[in-house]
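The residues making up each chain are set out below.
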Amino acid sequence: MLVTGGVVIIIGLLILFKKKKLKDNNIDDDYKAVTRLIKTDFKKALNRLDKIEDIEFKKDLILNGKKDLDKNSYRQIKSYLVNDNFLKKLLAETFNQNVEQRKKTAFVLLEIRTTQAIDYLIPLLYDKDEQVRNLVIKNLSKLDSPKVITTLINYLDHCDDLATLNVLQESFLELGSAGVSQLLALLNSRDKAYLNWIIEILGEIGDKQAVDPLINLLYQHPISQVRVMAAKSLAKFEGKKVFKALLHKIEDDDCNVRAQIAKLLGKFKNKEIIPYLCKMLTDSSGIVRNNACQSLLRLGDEGVKHLILSIESNDLKPDVINKIRALDSLKLLEIAKEIYQTCSNNENNRLKLIKEDQEQEELTG
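To start, this report covers the structure provided alongside it. Along each chain, residues carry numbers from 1 onward, in the same order as the chain's sequence is written. Reporting of local features is limited, given that this is a predicted model, to residues whose pLDDT is at least 70; pairs of side-chain atoms are given and counted only at 80 or more, and all residues count toward the totals for whole chains, interfaces and linings. The basis for every side-chain value is the complete set of heavy atoms in the structure, and neither hydrogens nor water enter the calculation.

## As for the environment of leucine 277
Threshold: Only DSSP runs of H or I covering at least 4 residues are called helices, and only runs of E covering at least 2 are called strands; the numbering of each starts at the N terminus. We call a residue buried when its accessible area falls under 20% of the maximum for its residue type, exposed when it is over 50%, and partly exposed in between, using a 1.4 Å probe and counting protein chains only. What makes two residues a contact is simply this: any of their non-hydrogen atoms within 4.5 Å.
Position of leucine 277 relative to the elements: it lies in helix 17 (residues 274–280). Leucine 277 sits in the buried class, given a relative accessible area of 0%. In this structure leucine 277 touches Ala262, Leu265, Ala292, Ser295, Leu296 and Leu299, once residues within four positions along its chain are discounted.

Here's what the structure looks like:
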């Protein structure tokens, strides 16, 4: 009985496979015939097309016709095919049980690009298959339509999967400045992780209209992690406004924010930051002191020089002193000599000025 049942199943599968193969061959033959007619007799091609009901054939024509037909013919055929009836069939195909068919339908709708086609892609954003979801998210951002931005923004409210959020991030980066205004409108979110995600994207896009809102978050947001992320994103922008905003937060109540500021200031390569970093060497937090020390070291000889000088002028903690001790001894010796020579020259200049003043007094009586 088991053997007989197995044979029946195998025969059934073979019949199904044969039917599918015949159907695929028919579609392929129709496709070749129609594309030939499009090139030779466009009117006859449309008449032939009207007699073909198979949705798969029409999907293939939209997907493959782009490379098989000239631009003008392809545009006309696509315009002829895309009507309410065809789009409704495609919508039904978004619920097809076959994953590959859902993917194919997604590509067809993406190629059509109309507002209605984008609307019909929405079910696939919630598809049970991750590959289908990611395919739609990645390719939506390539369409030049305001509808895309609204669709992706609305999708954010329902997306709590980290992997999908990463794909969404790539899409918003692809959209660039076009999506900034709507992303800025989401900065009042109470969800810390969601808010940090948006702040990071705004920094990566780099559109200047995000600077003031990010500064407001750095100054006013009650959650320290949000202030940290705002500082990170702001540091990707250039200009005095950003520089001053970061300097303003070296005395933030939270040590994590101060530590981030100390780290970010070192990237500016600006001698103006040296006094602020030296001040942070005496911070109550070891992380802040360490980051300030590292930022001074990144400034090269000038930063190291002020580290050495700070030993005399500040009540440094052992961890900072140990950092200085760990530096290359020859380098330290060179910089120490430079400091000594500078100080010696300053002293000589001071003595010279005193002597000149005395001589002037003698001359004038």
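Let us keep going from here.
## Here we look at the packing of aromatic side chains
Short version of the rule: Centre distance within 6.5 Å is the pairing criterion for rings of Phe, Tyr and Trp, where only the six-membered ring of Trp is used; planes under 30 degrees apart are then read as stacked, over 60 as edge-to-face, and the remainder as tilted.
This model, assessed by the stated rule, comprises three aromatic pairs. Arranged with centres 5.2 Å apart and planes meeting at 55°, the rings of phenylalanine 243 and phenylalanine 268 form a pair that is tilted. Taken together, the residues span a long stretch of sequence, with phenylalanine 243 in helix 15 (residues 240–248) and phenylalanine 268 in the loop between helix 16 (255–265) and helix 17 at a distance of 25 residues. Overall, the relative accessible area of 7% leaves phenylalanine 243 in the buried class. By relative accessible area, which is 24% here, phenylalanine 268 ends up partly exposed.

## Topic: the pattern of salt bridges
Pairing of side chains with opposite charge becomes possible as their charged atoms draw close. Convention followed: By definition here, a salt bridge exists when the distance from a side-chain nitrogen of Lys or Arg to a carboxyl oxygen of Asp or Glu is within 4 Å.
This model, assessed by the stated rule, comprises 18 salt bridges. Of the charged contacts in the structure, one is a salt bridge between glutamate 93 and lysine 59, with a shortest N-O distance of 3.1 Å. Here the residue glutamate 93 occupies a position in helix 5 (residues 84–93), and lysine 59 occupies one in helix 3 (residues 55–68), the gap between them amounting to 34 residues. The pair glutamate 93 / lysine 59 is uniform in exposure class, with both members buried. Between glutamate 302 and lysine 305 there is a salt bridge, with the nearest N and O atoms lying 3.7 Å from each other.

## Things to note about unusual backbone geometry
Here the phi dihedral of arginine 113 falls at roughly 70°; this positive angle occurs in a residue that is not glycine. Checked against the element boundaries, arginine 113 lands in the loop between helix 6 (99–112) and helix 7 (115–125). Using a relative accessible area of 43% as the deciding quantity, one classes arginine 113 as partly exposed.

## Re the side chain of lysine 58
Using the following cut-off: Counted as positive: Lys and Arg. Counted as negative: Asp and Glu, with His and the chain ends omitted from the count.
Turning to its location among the elements, lysine 58 is positioned in helix 3. For the buried lysine 58, which has no salt bridge, the nearest side chain bearing the opposite charge is glutamate 53, at an N-O separation of 5.2 Å. With near-sequence residues (within four places) excluded, lysine 58 lies in contact with Ile52, Leu81 and Phe86.

## Focus: helix 10 (residues 162–175)
Selection criterion: A helix is expected to reach a length of 1.5 Å times the quantity of its residues less one.
With 14 residues, helix 10 extends 20 Å from end C-alpha to end C-alpha; this agrees with the ideal 20 Å at 1.5 Å per step. Residues of helix 10 that are buried include every one of Thr164, Leu165, Val167, Leu168, Gln169, Ser171, Phe172 and Leu175, and no others. Tucked inside the fold, the buried residues of helix 10 contact helix 8 (130–140), helix 9 (146–156), helix 11 (180–184) and helix 12 (192–205). Phi turns positive, to about 65°, at glycine 176, one or two residues after helix 10.

## Focus on the nonpolar core
Selection criterion: Nine residue types can take part in a nonpolar core, namely buried Ala, Val, Leu, Ile, Met, Phe, Trp, Tyr and Cys, and a core is a set of them joined through side-chain atoms within 4.5 Å.
Core analysis: the largest hydrophobic core is formed by 100 residues, its most contacted members being Ile112, Leu140, Leu156, Leu168, Phe172 and Leu265. At eight residues, the largest contribution of residues to this core is made by helix 12. Ignoring any residue separated from it by four or fewer positions in sequence, one finds phenylalanine 172 in contact with Leu152, Ile153, Leu156, Leu183, Trp197, Ile201 and Ile205.

## Focus: the environment of phenylalanine 86
Topologically, phenylalanine 86 is positioned in helix 5. Spatially, the C-alpha atoms of phenylalanine 86 and isoleucine 55 are 8.0 Å apart, while their sequence positions differ by 31 residues. In contact with phenylalanine 86, other than residues within four places in its own chain, are Ile55, Lys58, Ile62, Leu81 and Ile112.

## Side note on the state of the cysteines
Condition: Counting rule for disulfides: a pair of cysteine sulfur atoms within 2.5 Å.
Under the definition given, this model contains zero disulfides. Cysteine cysteine 293 remains unbridged, with the sulfur of cysteine 278 as its closest cysteine sulfur at 9.9 Å. Its relative accessible area of 1% is what places cysteine 293 among the buried residues.

## Quick look at the layout of surface pockets
If a probe as big as a water molecule is rolled over the atoms, it shows which places are left empty. Rule in force here: Think of a 1 Å grid over the protein atoms and nothing else: a 1.4 Å probe that fits but is trapped marks a cavity, an open set flanked by protein within 12 Å on at least five of seven lines marks a pocket, and residues with an atom within 4 Å of a point count as lining. Grid points are joined across faces, edges and corners, and a volume is the space filled by probe spheres set on the points. Three residue categories are used. Nonpolar comprises Ala, Val, Leu, Ile, Met, Phe, Trp, Tyr, Cys and Pro, charged comprises Asp, Glu, Lys and Arg, and polar comprises the others, including Gly.
Within this model, the second largest pocket holds a volume of roughly 160 Å³. Counting only elements with at least two residues in the lining of the second largest pocket, the list comes to helix 12, helix 14 (224–234) and helix 16. The greatest single-element share of the lining of the second largest pocket, amounting to three residues, is contributed by helix 14. Classifying every residue of the lining of the second largest pocket gives three nonpolar, two polar and five charged.

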